[in-house]
Amino acid sequence: MNIGFIAHDSKKKLMQNFCVAYRGILNKHSLYATGTTGRLIEEAANLTVYKYLAGHLGGEQQMCTQIEQNELDLLIFLRDPLNPKSHEPDIHKAIRLCDTHNIPLATNLATAELLIHALDRGELDWREFYRS
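Description of the structure in this document.

## Examining the pattern of salt bridges
Going through the model one piece at a time under the given rule, you end up with 7 salt bridges. A salt bridge links R39 to E43; the shortest N-O distance between them is 3.2 Å. Of this pair, R39 and E43 are both found in helix 3 (residues 35-45), 4 residues apart, which corresponds to roughly one turn of the helix. For R39, a relative accessible area of 38% corresponds to the partly exposed category.

Set out below in structure tokens:
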């Protein structure tokens with residue numbers, strides 16, 4: 001499965017901790033992330049991550065392109081809803097595209113943990129048929 005990761009600055013440490021905790025599950029999949037988030041995941045969890053540009057430099061747009069092409073199976077987007085970003089339209093676009101293409105999306109830690117456990121149990125295998 002192809003898993004995408006985006007984390008706002010205030011959530012990057014949380015994303016690192018999440019990836020360390022679930023490294024055993026994540027290392028069985030292809031991982032994609034915006035630039036800084038991907039680098040931090042690699043450093044903390046010793047996972048291989050394909051890195052796009054930093055989010056504010058177009059990385060979120062690159063992730064959206066992957067979603068539009070139905071090449072992403074799961075997106076974990078730890079966002080900070082209390083601090084709006086200058087590139088907020090890109091953020092909303094990623095969420096809208098996940099809804100459009102039936103891509104499971106977590107925007108907080110609780111949902112991310114539910115989805116990662118579902119992934120491990122094979123409950124997201126339907127994405128492979130949906131992608132075909």
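## Let's talk about the side chain of R127
With respect to the helices and strands, the residue R127 is situated in helix 7 (residues 126-131). Side-chain polar atoms of R127 contact the backbone oxygen of L72, separated by 2.9 Å. Setting aside anything within four residues of it in sequence, one finds R127 in contact with M1, N70, L72, D73, H101, N102, I103 and P104.

The rules behind these values
Residues numbered from 1 in each chain as written. Predicted model: local features only at pLDDT ≥ 70, side-chain atom pairs only at ≥ 80, totals over all residues. Heavy atoms only, no water. Salt bridge = Lys/Arg side-chain N within 4 Å of Asp/Glu carboxyl O. Helix = DSSP H or I, 4+ residues; strand = E, 2+ residues; numbered from the N terminus. Buried < 20%, exposed > 50% of the residue type's maximum accessible area, 1.4 Å probe, protein only. Polar contact = N/O pair within 3.5 Å; in protein donor to acceptor, adjacent residues only side chain to side chain. Contact = heavy atoms within 4.5 Å.

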